[in-house]
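Overview (structure and organization)
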Amino acid sequence: MSKKKKVNIQLVNVDVVMFLSRDDYHKYLHKKGVYDVEMYSDGVCTSLVKGTKFKLVIGIEVGKHKPLEIKGLIVHELSHAITLLFKEYGFNDDELRSYLLQFLYIEFIGWVDGVLTP
């Protein structure tokens, strides 16, 4: 199973990339030339802008958490991702926010379950 999962939000052509370890998250950012972002807790969401391309990168440290706690962290970080997206594009609509959260959660959770299930 892949160490990362990428989902595209077609409405604005923005990729959301998720990693399930601190190390993989940092390695990806370093490949993108970003060295000043730290993961101080067990979840983080970072926005990257290169030219006109906006991207969201999420890191979740799953190692010490139970499956339900991991799912809670995922929803928490997806909420931050949507907040960053809304700020970038000037969106302010609760229904759109809810649909995006639902869409992203469904897209990521199957992958996460597959990675965590032996």
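In this report, the structure presented in the accompanying data block is examined. Note that the coordinates shown come from a computational prediction; the quantities given were computed from them, not determined experimentally.

Section: the sheet that holds strand S1 (residues 4–9)
As summarised here, the arrangement of the four strands in space is S1-S2-S4-S3, forming an open sheet in which the pairing is mixed. This sheet does not close on itself; its edge strands, each paired only once, are S1 and strand S3 (43–50). The sheet shows a mean angle of 20° between the axes of neighbouring strands, direction not considered. Relative to strand S4 (residues 53–60), S3 runs antiparallel, the two being bridged by eight bridges. Its bridge partner lying in S4, Ser-47 is registered against Leu-56. Against the sheet, helix H1 (residues 22–31) contacts S1, strand S2 (14–19), S3 and S4, and its axis sits at roughly 155° relative to S4. This element, helix H3 (residues 94–116), spans S1 and S2 of the sheet and lies at about 155° to S1.

Each value, and the rule that gives it
- Residues numbered from 1 in each chain as written.
- Predicted model: local features only at pLDDT ≥ 70, side-chain atom pairs only at ≥ 80, totals over all residues.
- Heavy atoms only, no water.
- Pairing = 2+ DSSP bridges.
- Helix = DSSP H or I, 4+ residues; strand = E, 2+ residues; numbered from the N terminus.
- Axes fitted to C-alpha atoms, helices over the stretch in contact; angles between N-to-C directions.
- Contact = heavy atoms within 4.5 Å.

Function cannot be inferred from these measures alone, as they are strictly geometric.
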